[in-house]
Structures are given as structure tokens and as C-alpha cells.
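# Tertiary structure, described
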Amino acid sequence: MKKMVWICFICLLFPGAGFASEGLKIGTKAPNFFAHSSNGKIFRLYRAGTMPKIVNFWWVSCAPCRKEMPELASLEKQHPKIKFLVVHTVSSDNNKIPSFLKDIKSVPSNILMGSEALLELYKFKTLPHTAVLDGANIVRLVVSGYTKENVKKLKKIITKLDK
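Residues numbered from 1 in each chain as written. Predicted model: local features only at pLDDT ≥ 70, side-chain atom pairs only at ≥ 80, totals over all residues. Heavy atoms only, no water.

With that settled, consider the state of the cysteines. One pass over the full model with this rule turns up 1 disulfide. Each sulfur of the disulfide joining Cys-62 and Cys-65 lies 2.5 Å from the other. Residues Cys-62 and Cys-65 are joined through a disulfide that is right-handed, its torsion about the S-S bond being 75°. With relative accessibility at 1%, the residue Cys-62 sits in the buried group. (Disulfide = S-S within 2.5 Å. Buried < 20%, exposed > 50% of the residue type's maximum accessible area, 1.4 Å probe, protein only.)

What follows is the structure in C-alpha cells.
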């Protein structure tokens, strides 16, 4: 947990600093992962259908994640053909998710509870971290941190995939 606090602190100080190469390689197949949905069911990426997906990794104590949530919720409403998945990455704090969600004015509809293992599986250290996948789960974009530039990149690829 201390590692996650440190990562979020760095993101606040240097929101776009040097994280462009972090994450999965574009053009590769995203690894399957398992997480619990807010209704207690087990979610599996490879069983989530063939629609494009936005997979956003976050943590309740991450201030940039808190700022990004309403934007993701807005994009989800604008693009119903794209599945938005927001995956919490610190299992010891999963019990804090309900109060976190009450404090945010708008959140995406698919809240998942993952674990720290996803950081290694998806090769990232910075939160928030987002992987954009096409319908075959091929990585089309990866962004780390919450910046205006990253939001522009997300909007551009989402519009492209929503055709």
C-alpha cells in the first residue's frame, strides 16, 4: 500500500512525466484477468464480449483517479458501443470503494475489484492507467496518469473505435 501512495504522490507532482512507454505494447493481445464485480460476480476479460473496451485501473486513495472518474462516466454515456471497465487495484482497500463512489458525482457503470497483481500483469506503476482494447482485446492505446493530453488521446481512439 505504501508503494501505491508513493506512485500517486509522484503522479500529482509530475502528471505526465516519462510514463508514455509504461504498460502493454500497442498491437499485442491484452492478458486475461479476473476481478469481482460490485454485485459479487466474477468478471473475466476474455468473456466480456467482442465490443471494444476501456480498461481503467485506479485506487481509492489516488487523487488523479478521483478527478478522472466523471470524465470516464461521461465518455461511457456518449459511447454505449464501448464497454468501460474501472478496476480497483489495491485489494486491501476494496472495502473503501462504496464510500469513494458516493463522493464522486458520476462513475462508469462497471466497477471491478482487482488486486495488486494487475500492476504486474498489465505492466504499469502509475495510476490512473488506461488500456484501450478493440473487440479482439488487442491493445490500441495505453495512457498512464491523468492529463489533458491523455484525455484527448482517449477521446480520439474511442471515437475511432465507436464506428
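Once the structure has been displayed, the description carries forward.
With that out of the way, let us pick up unusual backbone geometry. Cis geometry marks the peptide bond from Leu-127 to Pro-128, where omega comes out at -5°. With respect to the secondary-structure elements, Pro-128 resides in the loop between α4 (117–121) and β6 (129–133). Of note, Lys-123 is a non-glycine position whose phi angle comes to about 60°, a positive value. Relative to the helices and strands, Lys-123 resides in the loop between α4 and β6. You can call Lys-123 exposed: its relative accessible area is 54%. Even without being glycine, Asn-137 reaches a positive phi, approximately 65°. Here Asn-137 shows up in the loop between β6 and β7 (139–144). (Helix = DSSP H or I, 4+ residues; strand = E, 2+ residues; numbered from the N terminus.)

Within the open sheet, the 7 strands sit side by side as β2-β1-β5-β4-β3-β6-β7. Their pairing is mixed. The outermost strands of the open sheet, each flanked by one partner alone, are β2 (42–44) and β7. Ignoring strand direction, the axes of neighbouring strands in this sheet form an average angle of 30°. The sheet contact formed by strand β1 (residues 34–37) and β2 spans 3 bridges and is antiparallel. (Pairing = 2+ DSSP bridges. Axes fitted to C-alpha atoms, helices over the stretch in contact; angles between N-to-C directions.)

So, on to the pattern of salt bridges. Scanning the entire structure with this criterion turns up 2 salt bridges. Arg-140 is paired through a salt bridge with Asp-134; the nearest N and O atoms lie 2.8 Å apart. Note on Arg-140: relative accessible area 36%, which makes it partly exposed. (Salt bridge = Lys/Arg side-chain N within 4 Å of Asp/Glu carboxyl O.)

Let us now look at the packing of aromatic side chains. For the structure shown, the criterion picks out 6 aromatic pairs. For the pair Phe-33 and Phe-43, a centre-to-centre distance of 5.7 Å together with 45° between the ring planes defines the contact as tilted. In this pair, Phe-33 is assigned in the loop between α1 (2–13) and β1 and Phe-43 in strand β2, connecting sequence segments 10 residues apart. For Phe-43, a relative accessible area of 11% translates into the label buried. One aromatic cluster is present, formed by Phe-33, Phe-43, Phe-57, Tyr-122 and Phe-124 through successive ring pairs. Of note, Lys-29 hangs over the ring of Tyr-46, and the distance from its end group to the ring centre comes to 4.9 Å. (Phe/Tyr/Trp six-rings, centres within 6.5 Å; stacked < 30°, edge-to-face > 60°. Lys NZ or Arg CZ within 6 Å of the ring centre and 35° of its normal.)

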